[in-house]
Amino acid sequence: QVELVESGGGLVQPGGSLRLSCAASGAFFSLNIMGWYRQAPGKQRELVADITFDGRTNYADSVKGRFTISRDNAKNTVSLQMNSLKPEDTAVYYCNLRWGSVVNYWGKGTLVTVSS
């Protein structure tokens, strides 16, 4: 089994910052992609950012220039530094790990609320 555990969510004012972290444990292929998705009430789950084993990144247009994804392969962790947060960033953020065309694991999610 593979387990993903997120941390770092919370309440922040517009313009503020938060850092999300996700730790992966269990048996999984090392050459994987880890990422963050989010889902706001009434909306579809969407990709925020992901990163390959060798550090190639992909960001949603809505977060480019504000969010930074990183990973530590030795610790099997992935982080998302979120700056200049906006109310529209409010959502449950989910950690994701995948490889190949089928294998796909999800964390339980952590809530980020951006509000004054």
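In case you missed it, the structure is sitting above this.
Described below are features of the structure shown in this document. In this text the structure is predicted, and so the values were computed from the model without any measurement.

**With respect to the pairing of strand β4 (residues 33-39)**
Reasoning step 1: Counting buried positions over the seven residues of β4 gives five, a clear majority of the element.
Reasoning step 2: The turn linking β4 back onto strand β5 (residues 46-52) is made up of six residues, and G42 within it adopts a positive phi angle of 75°.

**A short note on the pattern of salt bridges**
Reasoning step 1: Overall, the coordinates contain six salt bridges when judged by the stated rule.
Reasoning step 2: Across the pair D50 and R98 runs a salt bridge whose closest N-O atoms are separated by 2.8 Å. Linking D50 in strand β5 with R98 in strand β9 (residues 91-99), this pair joins segments that are 48 residues apart in sequence.
Reasoning step 3: According to the relative accessible area criterion, D50 is buried, its value standing at 9%.
Reasoning step 4: Since its relative accessible area comes to 25%, R98 is described here as partly exposed.

**Considerations on the nonpolar core**
Reasoning step 1: Counting 29 residues, the largest nonpolar core has W36, L80, M82 and Y93 as its most contacted members.
Reasoning step 2: Only β1 (2-7), β3 (18-26), β4, β5, β7 (67-72), β8 (77-82), β9 and β11 (110-114) provide two or more residues apiece to this core.
Reasoning step 3: Examining the composition of this core, we find that five residues originate from one element, β9, more than from any other.

**Regarding the sheet that holds β3**
Reasoning step 1: Read across the open sheet, the four strands follow the order β1-β3-β8-β7; overall the sheet is antiparallel. A strand with exactly one partner marks an edge of an open sheet, and here the two such strands are β1 and β7. Sheet twist, expressed as the mean angle between neighbouring strand axes with direction ignored, is 15°.
Reasoning step 2: Two elements, β1 and β3, share six bridges in a ladder whose sense is antiparallel. Within β3, the residue paired with S7 across the bridge is S21.

Parameters at a glance
Counting starts from 1 at the beginning of each chain's written sequence and moves along it residue by residue. At least 70 in pLDDT is required for a residue's local features to be given in this predicted model, at least 80 for side-chain atom pairs to be given and counted, and no such filter applies to totals for whole chains, interfaces and linings, which use all residues. The side-chain quantities take in all heavy atoms of the structure and omit both hydrogens and water. For every residue, the accessible area obtained with a 1.4 Å probe (protein chains only) is divided by the maximum for its type, and the residue is called buried under 20%, exposed over 50%, and partly exposed between those limits. For helices the rule is a DSSP run of H or I covering at least 4 residues; for strands it is a run of E covering at least 2, with both sets numbered from the N terminus onward. Note: two strands are recorded as paired if DSSP finds a minimum of 2 bridges between them. A pairing counts as a salt bridge when a side-chain nitrogen of Lys or Arg comes within 4 Å of a carboxyl oxygen of Asp or Glu. Residues enter a nonpolar core if they are buried and are Ala, Val, Leu, Ile, Met, Phe, Trp, Tyr or Cys, with the set joined through side-chain atoms within 4.5 Å. All axes here are fitted lines through C-alpha atoms, helices being fitted over the stretch that makes contact, and every angle between N-to-C directions spans 0 to 180 degrees.

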